[in-house]
Amino acid sequence: MKTIIRKAATTLILMTMLGSTIFGQEYARMERIKTLQIEKTANKPEAVTNVVEINVTDEFNYLKIKVQGNFDAGEILVEIVDPLGEVKRDFSIKNGKVVTETGLNMKGVVIAEMERSYRNPVKGKWVVRSTSKKADGKILVYSLQIYNPKADLIELEQIERETDSHLRF
Amino acid sequence: MKKLLVPLLLSYGSLSNSNAGIIIKIDLDTTRWAPVAYLSVIGDYTKINSISYSQIIATSKVSPDGIYKFSTKYYPEKDCLYRVHFARRGYPPASLVIGGADQNYFFLFACKEEEINIISEQGENTIGDLKFDGQGRNSALKELNIKLKIFDSLDYQGTQINNRFFWDAQFNEIKKFADTCSYPLVSLYALYYIDYDKDYLIDPKFYHNYLRKWKSEKSEYFEVFRKSLKGSKTNVWLILLISFSGLTPIITVTYKVYLKRKNNAKNMLTELSINERKVFELLKQGKSNKEIASELSISVNTVKSHANSIYSKLKIRSRKELINFDI
């Protein structure tokens, strides 16, 4: 099947277990990078949907998701959807590769990033869903899950800061 | 610091009085951020989280005293929503960071030949804490954004049940803000944020009253809003018009397709178990998991389990789709 989207063999560069004892009693798991390679589909005007799943289990009580869309053609909508099917947040990119009516003569790559954090997230399969049309580019998805016994926000943010440098695009 | 900046900005404004504009004083870390500001016009509230080159209408390089300025000379007479953003070094001009410490934009309303002074003080993200001069609609927008930030970060607050409780409270708070805000475009901005489309099905009276209140508001934003509301009077008139036109064959075919789809939907519904159908009915009424659990005397987890199964069997992905699912 001529699928227009290849998961680029789901370039799972690292599925790092930062060890269950790195932060004392806390557990942290970071998944990076899942890359969705969206290829140009100029002859197929219909929208194409693709998903990256993030499995949130009882082990963790904090979830952070970072998504970056990097496109030089087409339209794309990216949504974070929780296991109950509710869209938690979204962003969209449009890149027509034409000089715009603004007269500024700007064109080229368009990048959008979105970052969301959830304490006590709903357990199950969270989904980063992309719907693209005539698009050419890629989507990077990072997730960070932490377990902290008290689910204390200050402690969680401290752990997050310590691991955040790994989550930079 | 602010005491020093305000006279500086005011003098800057007065010097260029005939050339009014948006004047922004912001101290960016220029080792990370390019010293250029981009101004985009957001013609449609559904595009708030959207980025494209066609939105960008002007750029401004930083002046030696750290000020960015956009002329408002050629703006539309009526208020429009604008977004000012900055790009990280090495990133393209059209780059947007939503959420987190690197959030790189803010919104404001402006109209033709208006002068707006903005000072950024140190805050949680790149943009910082913005101070608008005066107490107009941009200050109201800032006040709203503080509420929206709380609404958006509710997942931090505690257990699922607590989240739901706080979510409902914050939802009503934002709706109340929309109801009482004296600036129509700020008020409408609030409704877009809370997914008014879904809420309209639950509380249509609020929206009918809202439309009545702002019936004289002619901006494009309100026109789009009016059109998008389901069950509007416009739709009723359109149906009546079609009924009396000579489009009977087209209407017949459309009706047959509609019936076929309806039958398919009915067939799909027969796949649901009795309990799932009960949950489906309550979800369709817009009730929360907690409310459903209470009404059916089952646990919230069981409701979630039924909901997942319903989504899977009906091939839908969200509550919004479920509410719109035609039986």
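This text goes with the structure placed above it.
Here goes a summary of the coordinates provided. Residue numbers run consecutively from 1 along every chain, following the written order of its sequence. To label them, take the chains in the order written and letter them from A, then take the ligands in the order written and number them from 1. It should be noted that, the model being predicted, local features are given only for residues of pLDDT at least 70 and side-chain atom pairs only at 80 or more, the latter also being counted only at that level, while totals for whole chains, interfaces and linings use all residues. With hydrogens and water set aside, each side-chain value is computed from the structure's full complement of heavy atoms.

1. A look at the overall build of chain B
A run of H or I in DSSP counts as a helix once it spans at least four residues, and a run of E counts as a strand once it spans at least two, with each numbered from the N terminus. Scanning chain B from N- to C-terminus turns up 13 helices and ten strands. Exposure is judged per residue with a 1.4 Å probe applied to protein chains only, and the accessible area is read against the type maximum: over 50% gives exposed, under 20% gives buried, and values in between give partly exposed. Looking at chain B as a whole, 46% of its 327 residues are labelled buried. Residue pairs in contact within chain B that sit at least 24 positions apart in sequence constitute 65% of those at least 6 positions apart. When the accessible surface of chain B is split by element, carbon and sulfur atoms take 57% of a total near 17,200 Å². When checking whether two residues touch, look at their non-hydrogen atoms; a contact exists if any pair is within 4.5 Å. For the area figures, the Shrake-Rupley method with a 1.4 Å probe applies, and any residue is considered shielded solely by the protein chains shown.

2. Describing the nonpolar core
Put simply, a nonpolar core is a bunch of buried Ala, Val, Leu, Ile, Met, Phe, Trp, Tyr and Cys residues held in one set by side-chain atoms that sit within 4.5 Å of each other. I22(B), Y45(B), L81(B) and F225(B) are the most contacted members of the largest nonpolar core, which has 92 residues in total. The residues contacting I22(B), other than those within four sequence positions of it, are L39(B), Y68(B), K69(B), F70(B), T72(B), Y75(B), L108(B), A110(B), I116(B) and I118(B).

3. Digging into the sheet that holds strand 4 (residues 56-61) of chain B
Residues and elements named next belong to chain B. Two strands qualify as a pair provided that DSSP identifies no fewer than 2 bridges between them. Taken together, four strands build an open sheet; the order of strands is 4-2-6-8 and the sheet is antiparallel. Edge strands, defined here as strands with exactly one partner in the open sheet, are strand 4 and strand 8 (105-110). Averaged over neighbouring strand pairs, the angle between their axes works out to 25° when direction is ignored. Two elements, strand 6 (residues 80-88) and strand 8, share six bridges in a ladder whose sense is antiparallel. Within strand 8, the residue paired with H85 across the bridge is Y105. Between the N-to-C directions of two axes lies an angle of 0 to 180 degrees, each axis being a line fitted to C-alpha atoms and, for a helix, fitted only over the stretch in contact.

4. Observations regarding the sheet that holds strand 9 (residues 116-121) of chain B
Residues and elements named next belong to chain B. As summarised here, the arrangement of the four strands in space is 5-1-9-10, forming an open sheet in which the pairing is mixed. The outermost strands of the open sheet, each flanked by one partner alone, are strand 5 (67-71) and strand 10 (129-132). Put simply, the sheet's adjacent strands are angled 20° from each other on average, direction ignored. One ladder, built from five bridges, connects strand 1 (residues 21-25) with strand 5; its direction is antiparallel. Within the sheet, the bridge partner assigned to K25 lies in strand 5 and is I67.

5. Brief notes about the side chain of S52(B)
Residues and elements named next belong to chain B. Of note, S52 is situated in strand 3 (residues 50-52). The exposure class of S52 is buried, given its relative accessible area of 6%. Side-chain polar atoms of S52 contact the side chain of S54, separated by 2.9 Å. Polar contact is the term for a pair of N or O atoms within 3.5 Å; when the atoms are in protein, one must be able to donate a hydrogen and the other to accept it, and sequence-neighboring residues count only if both atoms are side-chain atoms.

6. Remarks on the pairing of strand 8 of chain B
For strand 8 of chain B, the tally of buried residues reaches six of six residues, placing the bulk of the element in the interior. Every second residue of strand 8 of chain B is oriented toward a common face, with Y105(B), F107(B) and F109(B) on one face and F106(B), L108(B) and A110(B) on the other, all of them buried.

7. Details of the packing of aromatic side chains
Residues and elements named next belong to chain B. Paired rings are identified among Phe, Tyr and Trp, the last through its six-membered ring, by centres lying within 6.5 Å, and are further divided according to the angle between planes into stacked (under 30 degrees), edge-to-face (over 60) and tilted (the rest). Counted under the stated rule, the structure contains 18 aromatic pairs over all chains. Relative to Y192, the ring of Y45 has its centre 5.2 Å away and its plane inclined at 75°; by these criteria the two rings are edge-to-face. Of this pair, Y45 sits in the loop between strand 2 (33-42) and strand 3 while Y192 sits in helix 4 (residues 184-193), and the two are 147 residues apart along the sequence. Across the pair, exposure class does not vary: Y45 and Y192 are buried alike.

8. Examining helix 6 (residues 204-213) of chain B
Residue and element names in this part refer to chain B. Within helix 6 the residues assigned to the buried category are F206, Y207, Y210 and L211. Relative to the axis of helix 6, the buried residues are bounded by an arc of 130° and lie together on one face. More than 90 degrees from the buried face of helix 6, the exposed residues found are K205 and R212. What the arc measures is the spread of directions leading from the helix axis to the C-beta atoms.

9. A look at unusual backbone geometry
The backbone of K134(A) sits at a positive phi, close to 50°, despite the residue not being glycine. For K134(A), a relative accessible area of 39% translates into the label partly exposed. Located in the positive-phi region is E113(B), a residue other than glycine, with phi close to 55°. Within the secondary structure, E113(B) sits in the loop between strand 8 and strand 9.

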